[in-house]
Amino acid sequence: MSDFINDGLARNYLAGEWVEGDNGDVVAVEDPGNEEHVADCAKAGEATLAKALRAARTSFERGDLADMQPSSRGRLMLRVAAEIRGIAAEGAHLLCRESGKSLDAAHDEFEEAAQYFEYYGGVADKIEGKSIPLGPDYADYTIYEPFGVSAQVVPWNFPVSLAARSLAPSMAAGNSTIIKSPELDPIGLALLGKALQRADVPAGTVSILNGIGADLGARLVASSEIDQIVFTGSVPTGQAILRSAAETVTPSLMELGGKSAAVVFEDADLDTVMSSLQSGIFYNAGQVCSAMARVLVHRSIYDEAVERATALANGISVGHGLENPVHTPIISAAQLAKIEEAASMARQDGARVAAGGSRLDRKGYFMAPTILADVDPSSRVAQEEIFGPVTCMTPFDTEAEAIAMANGTEFGLVAGLYTKDLARTHRVARRLRAGQVFVNEWFAGGIATPFGGVGKSGFGREKGLEALYNYVRTKNIAISLKA
Ligand code: NAD
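What you are looking at is a predicted structure, and each value in this text was computed from that prediction instead of being measured.

1. Let's talk about the packing of aromatic side chains
In step 1: Evaluated as defined, the whole model comprises nine aromatic pairs.
In step 2: Taking the centre distance of 5.0 Å and the plane angle of 65 degrees together, the rings of Tyr144 and Tyr469 count as edge-to-face. Within this pair, whereas Tyr144 is found in strand β7 (residues 138-146), its partner Tyr469 is found in the loop between α14 (464-468) and β21 (472-480), the two being separated by 325 residues in sequence.
In step 3: Since its relative accessible area comes to 35%, Tyr469 is described here as partly exposed.
In step 4: An angle of 70 degrees between the planes, with centres 5.2 Å apart, marks the rings of Phe438 and Trp442 as edge-to-face. Here the two residues Phe438 and Trp442 agree in accessibility, since each one is buried.

Following this line, the structure appears as structure tokens:
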């Protein structure tokens, strides 16, 4: 067991130290694959948050990161990446048990986290301003400054890699960062503190606090001591945070939910579509913001597509994450109940349950891989995010109809299209209302490709060089040379 988790208690990472939080309060963390207790997590309250805020501000004002030579900051981040790989085996085991995801998927989160630090470490000394020509009487240039203290609230579906997705550019830009971990699976993320400690990241520049969203999370984002909010999570929480941010006029980055559609044209390769469907809706039990939640298929190949999707759903391996199956449990009993309810709502609204449709009869919170066919695009199940292993299939006749259906929700996170026709690819990709369009491969892209939403899926971009500019503000310096 690591030093941060002793006697079954995982601690908060507060400015370089492991602390228990306030009043001995804890959050119990459960293994959704077998309903066993994994560990307790020390809950940070008001006093611990105040210490983290003070440490972050002091560190920022001292210039611990911001005044470091940018190339040294880059090298520091490369050390963090190496240390993340060093804790990956221990972390993946803990994350697998607390989140229910497969051991391989948990390991991939640590690997991806390391890659975020490498990517943004590599650009720490390339955040270049501009020189603006105003004629011979002026010298004018812009510089990019860090915000100061970045408050980051992380969801439970990919706690480690999503935390790194925001922490790495925040550090590269020179901010101090306070992370609020998700209460359902905070332990793997807290372990990142160990990599930061081992890499000698200046104490105070990063704290990772555990607590309940409506309590610790709400206090953190409402604090007048923060300079930026980065939120990844659901639409209702994002809206609550934005209301609170309006009071303090705090700049915010919102990465919210989705109901993303794949559009499958008549010339699509169905083997490719099925392999996309497997990862698109069954990876991490469909608990993915950019999941393939809807599949719109040209009527000429619709029946075959439904048949193949049904066979796929009925044939995938199911098990505890430690066994590395394709299909793993839902994070909690409450989430599972919501997903089951969505499936029964679909039935009421006239959808055909081609596969699954209810929980599996086994210990743990398992939802059967579910294919809903003939889904009315305006029905609730086609409009609302389910966040589970459930996809909605609907036929279409024309390209225009497919685009209208794909764009016909209040979300706009990603979209996909499957065709061999290059002209159609470009035409349709431009018309899809989404921050990212996958062509012939769901989840194509990676750390280097900008990601983020349109509409209620949020605003701002994570990943890629573009994300870096969400962690800085522009200052213009205009110098008169006339005197
Ligand atoms: P959630 O909104 O319930 O919680 C997210 C985080 O916010 C948690 O840490 C939670 O404790 C905290 N929180 C809750 N109430 C809060 C409040 N009032 N103030 C401050 N913080 C608060 O979301 P979830 O169930 O953890 O995650 C699933 C959702 O996240 C889905 O909607 C999914 O689509 C979305 N998501 C989006 C992205 C993206 O990049 N766009 C990535 C992953 C997940």
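2. What about the sheet that holds strand β15 (residues 352-355)?
In step 1: A sheet is described by the order of its strands in space; here seven strands give the open sequence β15-β16-β17-β14-β13-β18-β19, paired in mixed fashion. Both edges of this open sheet fall to β15 and β19 (436-439), since each of them pairs with a single strand only. Ignoring which end each strand starts from, the neighbouring axes of this sheet average 25 degrees apart.
In step 2: The pairing of strand β14 (residues 294-298) with strand β17 (residues 390-396) spans five bridges and is parallel. Paired with His298 across the two strands is Phe396, which belongs to β17.

3. What about the nonpolar core?
Side chains of a nonpolar character, in soluble globular proteins, are inclined to be buried together.
In step 1: By size, the foremost hydrophobic cluster in this structure holds 86 residues, and its most contacted members are Phe117 and Met171.
In step 2: The element best represented in this core is helix α2 (residues 70-99), accounting for eleven residues.
In step 3: Other than its neighbours up to four places away in sequence, Phe117 contacts Met77, Leu78, Val80, Ala81, Ile84, Ala164, Leu167, Ala168 and Met171.

4. Observations concerning the site of the ligand
In step 1: Among the 29 residues in the neighbourhood of the ligand, the closest are listed as Val154, Lys180, Glu183, Ser234 and Glu385.
In step 2: Arg165 has a polar side-chain atom sitting 2.7 Å from an oxygen atom of the ligand.
In step 3: Within the complex, the protein chains bury 89% of what would otherwise be the 840 Å² of accessible surface of the ligand.
In step 4: Looking at the shell around the ligand, the elements that each hand over two or more residues are α4 (159-173), α6 (213-222), β11 (228-232) and α7 (235-248).
In step 5: In terms of residue count, α6 provides more of the shell around the ligand than any other element does, four residues in total.

The rules behind these values
Residues numbered from 1 in each chain as written. Predicted model: local features only at pLDDT ≥ 70, side-chain atom pairs only at ≥ 80, totals over all residues. Heavy atoms only, no water. Phe/Tyr/Trp six-rings, centres within 6.5 Å; stacked < 30°, edge-to-face > 60°. Helix = DSSP H or I, 4+ residues; strand = E, 2+ residues; numbered from the N terminus. Buried < 20%, exposed > 50% of the residue type's maximum accessible area, 1.4 Å probe, protein only. Pairing = 2+ DSSP bridges. Axes fitted to C-alpha atoms, helices over the stretch in contact; angles between N-to-C directions. Core = buried A, V, L, I, M, F, W, Y, C linked by side-chain atoms within 4.5 Å. Contact = heavy atoms within 4.5 Å. Near = heavy atom within 4 Å. Polar contact = N/O pair within 3.5 Å; in protein donor to acceptor, adjacent residues only side chain to side chain. Areas by Shrake-Rupley, 256 points an atom, 1.4 Å probe, with all protein chains shown as cover.

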